[in-house]
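# Descriptive analysis of the structure
Next come the chains, spelled out residue by residue.
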Amino acid sequence: MPPEMIPIDGEEKKRVCYFFDSDVSGFHYGPGHPMKPTRIRMCHSLVMNYGLYKRMEIFRAKPATKREMTQFHSDEYVDFLSRITPVNMNTYVKEQHKYNVGDDCPVFDGLFDYCAISAGGSMEGAARLSRDKCDIAVNWAGGLHHAKKSEASGFCYVNDIVLGILELLRYHQRVLYIDVDVHHGDGVEEAFYTTDRVMTVSFHKYGEYFPGTGELRDVGIGKGKYYALNFPLRDGITNENYKSVFEPVIRQVMESYDPGAVVLQCGTDSLSGDKLGCFNLSMRGHANCVKFVKSFNKPLLLVGGGGYTMRNVSRCWAYETGLAAGVELGKEIPMNEYYEYFGPDYELDVKSSNMDDMNSPEYLDRVKNIVLEHLRQVGGPPSVQMTDVPRMPVDEMVEDDPDEDMVDPNDRRPQRLLDSRRQADGELSDSDDEGEGGRRNQASHKEADSPTSGRRFGGPVGIMSTGTTHGVGPSGAPPVSGATSAPAAGQTSAPEPSDMDVDEGLPLSQVAHIQSSPPISTNGTAPAPAPKEDQEGS
């Protein structure tokens, strides 16, 4: 019996481009490290065995080049990533400290190739959206939202999201970035903290949690003031409570900001039972975010992110790929090479647990009102004077080949061309025995449940350890002179009121008008987006 795909009634059909590179599963952060790129192949295996390949175009993106990465990252940092290997890393000790490469972000074989695959998918997905070659682009290998201009952070080395947004900005006046990862999307927020051309909205755990940024008062500075929105949450949030704040905030953002394109970071460490997460969302609660954002019919780039319980990550992303393609996947998981991971029930579902929800209705309502008040300060979509779009290498990759029809049909076609073929609805039907034949992988795959811990270069707290950097700016660097900061070791100071205390007596009017201090980037200056004419290099 073929796997079940149920068309969603009343939904307008979307053209979906899905990016996957089989090489991604060959990379390994190291023994005991919670980030496992194999989860992307597990998801792809479900996508293919459910038959979703019939409803979308599948591409293997061209890996991003060093030159493309330097549209955001510094030349020196990208050069460092391209040079360092486990063999020569002892000769780069100083650079590892400088660029925050250590326990959280280890050096492993093929590090630069891994970054290039991640960034290439997001950049090409953005390019195809901008040229109206698809309505939704999906790159689950992307979503590495912690990487900074010259610094690795939180398992992320190259910020594919920023690179994808820069590509979208070549064609769209305004781009909206939404982040549902359990961790704050600090790298993307920092990159666009001073501009009104990108609005960033992050829903995340805040308080004694990596990266320690993303409080209510972080709203952007200069021209970007009120174009960075943060919704700090507490442990154990449920589907119902998440929906009660996500939908009204995003609906108002869409009305007030009117973006030309949307990037949705679908980090699955916000799912119940994640090894590093602390929320209580089910698969369908998480997927509701995708369904709701899709309903606005904007060009949409879906990217991955966090997620450290592999069987749940792959389930959720496969289900959300189906939603993007206009179908709801059936509950029974089809046979695939990772079938044994999904026992004992072998069902496509991630259920909520009975953990306590620390987010009281009063707290959520107060924070929501403050966020909406910040949003009202925007006062409508900002206007942008557009110029001629400069030519970039990615343009040649996504443009139609006028000579394609002249190719001798007896010549071998490139794999990229073959991958772009899509089966039309009703063109073919599955045979009754398709998908059978004993393809189950009998090998035993043991996961290391205890993540490594230890000193993290370049920062006071790592994503795998507990602690807080409460009070620091969006980059994790100390605030500028005169700003409130956390006391140094051995010092004491009176506790400052926190946005996490808004349901414990802090007047709403007082919190709503508190603004954050200017951020300091890794270079010591507030980062700004590359101008349209200067996006060739950093």
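If you look the protein up in an unreviewed UniProt entry, it shows as histone deacetylase from Trametes coccinea. Within the UniProt record for the protein, the comment given under Subcellular location (unreviewed entry) is "Nucleus". Per UniProt, the protein has the following entry under Sequence similarities (unreviewed entry): "Belongs to the histone deacetylase family. HD Type 1 subfamily."

Further remarks concern the pattern of salt bridges. Counted by the stated rule, this structure contains 22 salt bridges. As a salt-bridge pair, arginine 60 and aspartate 23 come within 2.7 Å of each other at their nearest N and O atoms. One end of the pair, arginine 60, is in the loop between β3 (57-59) and α2 (66-69); the other, aspartate 23, is in the loop between β2 (16-19) and α1 (38-50), and 37 residues separate them in sequence. For arginine 60, a relative accessible area of 35% gives the class partly exposed. Owing to a relative accessible area of 39%, aspartate 23 belongs among the partly exposed residues under this scheme. Two residues, aspartate 349 and arginine 284, come together in a salt bridge whose shortest N-O distance is 3.3 Å. Of the two residues, aspartate 349 sits in the loop between β10 (327-329) and α11 (361-376) while arginine 284 sits in helix α9 (residues 283-294), which places them 65 residues apart along the sequence. Residue classification places aspartate 349 among the buried residues on the basis of a relative accessible area of 15%. Judged by relative accessible area, which is 34%, arginine 284 ranks as partly exposed. Bridged by salt links that share partners, the residues Arg284, Glu328, Asp349 and Lys351 form one connected network.

Structurally, the position occupied by glycine 224 is in the loop between β6 (198-205) and β7 (228-233). Judged by relative accessible area, glycine 224 falls into the buried class, the value being 1%. Expressed as a C-alpha distance, the spacing of glycine 224 and arginine 197, which sit 27 residues apart in the sequence, is 8.1 Å.

This part covers helix α5 (residues 111-130). The end-to-end C-alpha distance of α5 is 29 Å, a good match for the 28 Å that 20 residues give at a rise of 1.5 Å each. Aspartate 132 sits one or two residues past α5 and shows a positive phi near 60 degrees.

Right, let's get into the sheet that holds strand β8 (residues 261-265). Strand order in the open sheet made by the eight strands is β3-β2-β4-β9-β8-β5-β6-β7, with parallel pairing throughout. Because the sheet does not close on itself, it has two edges, and the strands there are β3 and β7. Strand-to-strand twist in this sheet, taken as the mean axis angle between neighbours without regard to direction, amounts to 15 degrees. Across four bridges, the pairing between β8 and strand β9 (residues 300-303) is parallel.

The pLDDT averaged across the protein works out to 82; a share of 72% of its residues lies at or above 70. Every residue in residues 466-500 is under pLDDT 50, and counting partners more than four places away or in other chains gives 64 contacts.

This part is about the environment of arginine 60. For arginine 60 and isoleucine 117, which are 57 residues apart along the polypeptide, the C-alpha to C-alpha distance reads 9.0 Å. Polar contacts involving the side chain of arginine 60 include one to the side chain of aspartate 21, which spans 3.1 Å. There is a polar contact of 2.7 Å between the side chain of arginine 60 and the side chain of aspartate 23.

The next thing to look at is the nonpolar core. Tyr157, Ile165, Met199, Tyr242, Phe246 and Leu302 are the most contacted members of the largest nonpolar core, which has 144 residues in total. Ignoring sequence-local partners within four residues, the contact set of methionine 199 consists of Val175, Leu176, Tyr177, Tyr226, Tyr227, Leu229, Val253, Tyr257, Leu375 and Val378.

One pass over the structure, following the stated rule, counts 22 aromatic pairs. Aromatic side chains tyrosine 29 and tyrosine 157 sit 6.1 Å apart centroid to centroid with 45 degrees between the ring planes, which places their arrangement in the tilted category. Residue tyrosine 29 is located in the loop between β2 and α1, and its partner tyrosine 157 is located in the loop between β4 (136-139) and α6 (160-169); the two are separated by 128 residues in the primary sequence. Across this residue pair, the class does not change: tyrosine 29 and tyrosine 157 are buried. Taken together, a centroid distance of 5.8 Å and an interplanar angle of 70 degrees make the contact between phenylalanine 108 and tyrosine 114 edge-to-face. Each residue in the set Phe27, Tyr29, Phe108, Tyr114, Phe155, Tyr157 and Tyr308 is aromatic and connected to the rest through ring pairs, giving one cluster. A cation over a ring is seen here: arginine 234 above tyrosine 363, with NZ or CZ 4.2 Å from the ring centre.

Looking along the chain, the bond that leaves phenylalanine 210 and enters proline 211 is cis, with omega of -5 degrees. Relative to the helices and strands, proline 211 resides in the loop between β6 and β7. A cis geometry characterises the amide bond from glycine 343 onward to proline 344, with omega recorded as 5 degrees. For proline 344, the location among the structural elements is in the loop between β10 and α11.

A pair of packed helices can be characterised by two numbers: the angle between their axes and the separation between those axes. Across the interface, α1 lies against helix α10 (residues 310-324) with an axial gap of 8 Å and an inter-helix angle of 45 degrees. The angle between the axes of α1 and α10 places the two elements in the oblique class. As α1 runs across α10, the sense of the crossing is right-handed. Between α1 and α10, the contacting residues are Thr38, Arg39, Ile40, Met42, Cys43, Leu46 and Val47 on the first element and Met310, Arg311, Val313, Ser314, Arg315, Trp317, Ala318 and Thr321 on the second. The class makeup of the residues in the contact of α1 with α10 is nine nonpolar, three polar and three charged.

Parameters at a glance
- Residues numbered from 1 in each chain as written.
- Predicted model: local features only at pLDDT ≥ 70, side-chain atom pairs only at ≥ 80, totals over all residues.
- Heavy atoms only, no water.
- UniProt positions renumbered as here; feature names shortened; annotations may be inferred.
- Salt bridge = Lys/Arg side-chain N within 4 Å of Asp/Glu carboxyl O.
- Helix = DSSP H or I, 4+ residues; strand = E, 2+ residues; numbered from the N terminus.
- Buried < 20%, exposed > 50% of the residue type's maximum accessible area, 1.4 Å probe, protein only.
- Expected span 1.5 Å × (residues − 1).
- Pairing = 2+ DSSP bridges.
- Axes fitted to C-alpha atoms, helices over the stretch in contact; angles between N-to-C directions.
- pLDDT = per-residue confidence, 0-100.
- Contact = heavy atoms within 4.5 Å.
- Polar contact = N/O pair within 3.5 Å; in protein donor to acceptor, adjacent residues only side chain to side chain.
- Core = buried A, V, L, I, M, F, W, Y, C linked by side-chain atoms within 4.5 Å.
- Phe/Tyr/Trp six-rings, centres within 6.5 Å; stacked < 30°, edge-to-face > 60°.
- Lys NZ or Arg CZ within 6 Å of the ring centre and 35° of its normal.
- Parallel < 35°, antiparallel > 145°, perpendicular 65-115°, else oblique.
- Left-handed = near helix turned anticlockwise from the far one by under 90°.
- Nonpolar A, V, L, I, M, F, W, Y, C, P; charged D, E, K, R; others polar.

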